[in-house]
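# Residue-level structure breakdown
Below, each chain spelled out in residue letters.
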Amino acid sequence: VMSEQFAGWVNDRREMVTKLGGGEIGYLHIRAMDAPSLRQFQLDLAANRTRKALVIDQRFNGGGGIDQELLAILAGRQYQYTVGRDAGFQQPRPQNFYGPMVVMQNERSASDAEMFPAGFKALGLGKVVGVPTMGAVIGTGSYTLLDGSAIRTPGSGVWTVEGENLENYGVPPDVLIDNTPADFLKGRDAQIEKAVEVLKGQMNARKTSTPSSQQR
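Residues numbered from 1 in each chain as written. Predicted model: local features only at pLDDT ≥ 70, side-chain atom pairs only at ≥ 80, totals over all residues. Heavy atoms only, no water.

### A closer look at the packing of aromatic side chains
Evaluation of the coordinates by the stated rule reveals three aromatic pairs. The rings of F6, W9 and F60 are connected pair by pair, giving a single aromatic cluster. (Phe/Tyr/Trp six-rings, centres within 6.5 Å; stacked < 30°, edge-to-face > 60°.)

Here it is as structure tokens:
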């Protein structure tokens, strides 16, 4: 559950993006990589559909397991459906976003919040802005011992198709920018400013390109 303080932080970022982007750039934050966050992501994406560009912020996201669902939505390609025996088949509406997008990450983006930006880059969906991620991608399982205590042990690892083991490997951003303690004291978010700058550059490039050469 998002704390009131964190919700306030997210609202402040949304206002920053709206102001810096002249109302043309949307903002959403993914708090965790879990089912409630996936539902919120779908609602936020729908709310931002009329925007020309989108900031997807997953800083301070500790992970979970929804990277594939997020990427399938953003790539606009769904490759399988589960249909109940008594349900009529309904083709889900595509929920993808067609304008330029950036994903924001920081040193507190961990586990599945590292697999997501790595996949976002690999699929060519847009640029990643921030600093390298935590380097904590590992699949673990928990086992209860006889005395009632529990132990977690590694059960699986994650590799990119290029053969990079994501454990102890901070996903490098395309655009490296850190928030300094001085920024923090001033209430400034240099990473947000840079994300908007990157998107504005892409939006301007789209305006000057011919329709046949338009790309994400």
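### So, a nonpolar patch on the surface
Among the surface-exposed residues, Y143, L145 and I151 lie close enough to one another that they form a single nonpolar patch of about 290 Å² accessible area. Following the sequence through the fold, Y143 ends up in strand 5 (residues 139-144). Residue Y143 is classed as partly exposed on the basis of its relative accessible area of 49%. (Patch = residues over 30% accessible without salt bridge, like charges linked within 9 Å, V, L, I, M, F, W, Y side chains within 5 Å. Areas by Shrake-Rupley, 256 points an atom, 1.4 Å probe, with all protein chains shown as cover. Salt bridge = Lys/Arg side-chain N within 4 Å of Asp/Glu carboxyl O. Helix = DSSP H or I, 4+ residues; strand = E, 2+ residues; numbered from the N terminus. Buried < 20%, exposed > 50% of the residue type's maximum accessible area, 1.4 Å probe, protein only.)

### Some words on the environment of L70
You can see L70 is positioned in helix 3 (residues 67-75). A relative accessible area of 0% means that L70 is categorised as buried. Distance in space between the C-alpha atoms of L70 and L38 is 7.4 Å, their sequence separation being 32 residues. Look past the residues within four positions of L70 in its chain and what remains in contact with it is I30, M33, L38, F41 and F116. (Contact = heavy atoms within 4.5 Å.)

### Topic: the environment of D174
Here D174 lies in the loop between strand 6 (150-156) and strand 7 (175-176). Separated by 47 residues in sequence, D174 and K127 have C-alpha atoms that sit 5.8 Å apart. Ignoring sequence-local partners within four residues, the contact set of D174 consists of K121, G126, K127 and V128.

### Brief notes about the sheet that holds strand 2 (residues 53-57)
Pairing is parallel across the open sheet formed by five strands, whose spatial order is 1-2-3-4-7. Because the sheet does not close on itself, it has two edges, and the strands there are strand 1 (25-29) and strand 7. In this structure, strand 1 lies alongside strand 2, joined through five bridges in parallel fashion. From the neighbouring strand, L28 faces strand 2, where its bridge partner is I56. Contacts between helix 2 (residues 35-47) and the sheet are confined to strand 1 and strand 2, with strand 1 contributing the most and set at about 170° to the helix. (Pairing = 2+ DSSP bridges. Axes fitted to C-alpha atoms, helices over the stretch in contact; angles between N-to-C directions.)

### A few points about the pattern of salt bridges
The final tally for this structure, using the stated rule, is eight salt bridges. R59 is the salt-bridge partner of D57, the closest N and O atoms lying 2.9 Å from each other. Judged by its relative accessible area of 0%, D57 is buried. Residue classification places R59 among the buried residues on the basis of a relative accessible area of 1%. Salt-bridge contacts for D183 lead to R188; the nearest nitrogen and oxygen are separated by 3.1 Å. Judged by relative accessible area, D183 falls into the buried class, the value being 5%. On the accessibility criterion, R188 (38% relative accessible area) is partly exposed. Each of the salt bridges in this network shares a partner with another, and the network as a whole consists of R13, D57, R59 and D189.

### Focus on the nonpolar core
In terms of nonpolar packing, the biggest core is built from 22 residues, with F41, I56, L74 and F116 touching the most fellow members. Of all elements in the fold, only helix 2, strand 2, helix 3, strand 3 (101-105) and helix 4 (112-122) reach the threshold of two or more residues within this core. A total of five residues in this core trace back to one element, the largest contributor, which is helix 3. Look past the residues within four positions of F116 in its chain and what remains in contact with it is I30, M33, I56, Q58, D67, L70, L71, L74 and V103. (Core = buried A, V, L, I, M, F, W, Y, C linked by side-chain atoms within 4.5 Å.)

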